[in-house]
Amino acid sequence: MWKFIKSSSDKSNWLIHDNKEICFIGRSNVGKSSLINALARNSKLAKVSKMPGRTQLINYFQNENDLIIVDLPGYGYANISYSIQEKMFNMIDEYFRINKPSNVFFLIDSRHGITPKDAEIIEYLLNLNHNLIFILTKVDKAKQKEIAKTLKNDYLKNFKYFKSSIDNEKLINAIRDEINKY
Ligand SMILES: Nc1nc2c(ncn2[C@@H]2O[C@H](COP(=O)(O)OP(=O)(O)OP(=O)(O)O)[C@@H](O)[C@H]2O)c(=O)[nH]1
Ligand SMILES: [Mg+2]
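Below: a short report on this structure. Just so we're clear, the structure is a prediction, and the values are computed from it rather than from any experiment.

1. Some points on the side chain of Glu-21
Examined against the element boundaries, Glu-21 turns out to sit in strand 2 (residues 21-26). Buried Glu-21, no salt bridge; nearest opposite-charge side chain is Lys-6, N-O distance 11 Å. A polar contact of 2.5 Å, which involves the side chain of Glu-21, links it to the side chain of His-17. Polar contacts involving the side chain of Glu-21 include one to the side chain of Tyr-95, which spans 2.7 Å. Not counting chain neighbours up to four residues away, the residues in contact with Glu-21 comprise Tyr-60, Leu-67, Ile-68, Val-70, Tyr-95, Asn-99, Pro-101, Ser-102 and Asn-103.

Quick look at the structure:
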């Protein structure tokens, strides 16, 4: 069973542990917390909202293999004040500069593809030598054409990726199998 461990605002209260760690990053509202709930088979584990900007802290979870899973705040939501956005980005930046998760799961909305802001953060993470795996979210809402266009992006040609839809057991199982390797 997955469980929630704690929320952190900065380095002073990160979870200290000797286990492996992975994290989920992506634009606000892309579906990070929903995916964690689907993987955990527990719809109430991580907080989800129709309003972007739901996750404003670093949230730590642990699965049955003692893997630590980190849900990070989303970036790029314009309706959050500049000072909160800056605070959230500093939180993420501090996390990625100091931690080396086994893998960074980078979520992309399958309908919109990799946006310029996503590309900026992808480059930033690659410069810090993080290992990226992409997840194309909300494929249930996407047209085949949109997914095909998203997949033409060079990042998706060169990195491993998964498709995701929170109610599609087969797709979620494939991601869970990947995570269970760590
Ligand atoms: N149709 C569909 N909706 C989804 C899927 N995944 C997430 N959503 C919806 O997208 C919205 C945002 O989901 P969240 O999981 O809160 O997104 P988040 O990336 O954690 O957002 P922040 O915490 O703001 O960064 C919610 O209304 C979810 O129900 C999916 O696979 N299919
Ligand atoms: Mg969230």
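After presenting the structure, the write-up continues.
2. Side note on the nonpolar core
Membership of the largest hydrophobic core comes to 27 residues, with the highest contact counts inside it found for Ile-25, Phe-96, Phe-106, Leu-125 and Phe-134. Where this core is concerned, the elements lending two or more residues are strand 2, strand 3 (58-62), strand 4 (68-71), helix 2 (82-98), strand 5 (103-109), helix 3 (116-127), strand 6 (132-137) and helix 5 (154-158). Residues contacting Leu-125, with those up to four places away along its chain left out, are Ile-25, Phe-96, Val-104, Phe-106, His-130 and Leu-132.

3. As for the pattern of salt bridges
Tallying each qualifying case throughout the model produces six salt bridges. The partner of Asp-93 in a salt bridge is Arg-97, with the nearest N and O atoms 2.8 Å apart. A residue pair is termed a helical-turn pair when its members lie 3 or 4 positions apart in one helix, as Asp-93 and Arg-97 do in helix 2 at four residues. A relative accessible area of 52% means that Arg-97 is categorised as exposed. The salt bridge involving Lys-181 is made with Glu-178; its shortest N-O contact spans 3.1 Å. Given a relative accessible area of 58%, Lys-181 falls into the exposed group. Residues joined by salt bridges that share partners form a network here, namely Arg-27, Asp-109 and Arg-111.

4. Notes on helix 6 (residues 169-179)
Those residues of helix 6 that fall on the buried side of the exposure criterion are Ile-172, Ile-175, Arg-176, Glu-178 and Ile-179. Buried residues in helix 6, looked at end-on, bunch into an arc of 155°, giving them a common side. Counted as exposed and oriented over 90 degrees from the buried face of helix 6: Glu-169, Lys-170 and Asp-177. In the core, the buried residues of helix 6 are packed alongside strand 2, helix 1 (32-40), strand 5, strand 6 and strand 7 (161-163).

5. Quick notes on the packing of aromatic side chains
In the structure shown here, the tally under the stated rule is nine aromatic pairs. When the ring of Tyr-95 is compared with that of Phe-96, the centres are 5.1 Å apart and the planes differ by 80°; the resulting orientation is edge-to-face. The exposure class assigned to Phe-96 is buried, which follows from its relative accessible area of 2%. Note on Phe-106 and Phe-134: the rings are 5.6 Å apart at their centroids and 55° apart in plane angle, and the pair reads as tilted. Placement of Phe-106 in strand 5 and of Phe-134 in strand 6 is noted, with a sequence separation of 28 residues between them. A relative accessible area of 0% means that Phe-106 is categorised as buried. Taking relative accessible area as the criterion, Phe-134 reaches 0% and is therefore assigned buried. One aromatic cluster in this structure is built from Phe-106, Phe-134, Tyr-155 and Phe-159.

6. Remarks on the sheet that holds strand 3
Spatially, seven strands are ordered 1-3-4-2-5-6-7 in an open sheet, and the strand pairing comes out mixed. Each edge of the sheet is formed by a strand with only one pairing partner; in this case those strands are strand 1 (3-8) and strand 7. Sheet twist, expressed as the average angle between the axes of neighbouring strands with direction ignored, equals 25°. Bridge analysis of strand 2 against strand 4 gives four bridges, and the strand direction is parallel. Bridge assignment links Cys-23 to a residue of strand 4, and that residue is Val-70. Lying on the sheet, helix 1 is in contact with strand 2, strand 3, strand 4, strand 5 and strand 6; it crosses strand 2 at an angle near 140°.

What counts as what
Residues numbered from 1 in each chain as written. Chains lettered and ligands numbered in written order. Predicted model: local features only at pLDDT ≥ 70, side-chain atom pairs only at ≥ 80, totals over all residues. Heavy atoms only, no water. Helix = DSSP H or I, 4+ residues; strand = E, 2+ residues; numbered from the N terminus. Buried < 20%, exposed > 50% of the residue type's maximum accessible area, 1.4 Å probe, protein only. Lys, Arg positive; Asp, Glu negative; His and termini not counted. Salt bridge = Lys/Arg side-chain N within 4 Å of Asp/Glu carboxyl O. Polar contact = N/O pair within 3.5 Å; in protein donor to acceptor, adjacent residues only side chain to side chain. Contact = heavy atoms within 4.5 Å. Core = buried A, V, L, I, M, F, W, Y, C linked by side-chain atoms within 4.5 Å. Arc of directions from axis to C-beta. Phe/Tyr/Trp six-rings, centres within 6.5 Å; stacked < 30°, edge-to-face > 60°. Pairing = 2+ DSSP bridges. Axes fitted to C-alpha atoms, helices over the stretch in contact; angles between N-to-C directions.

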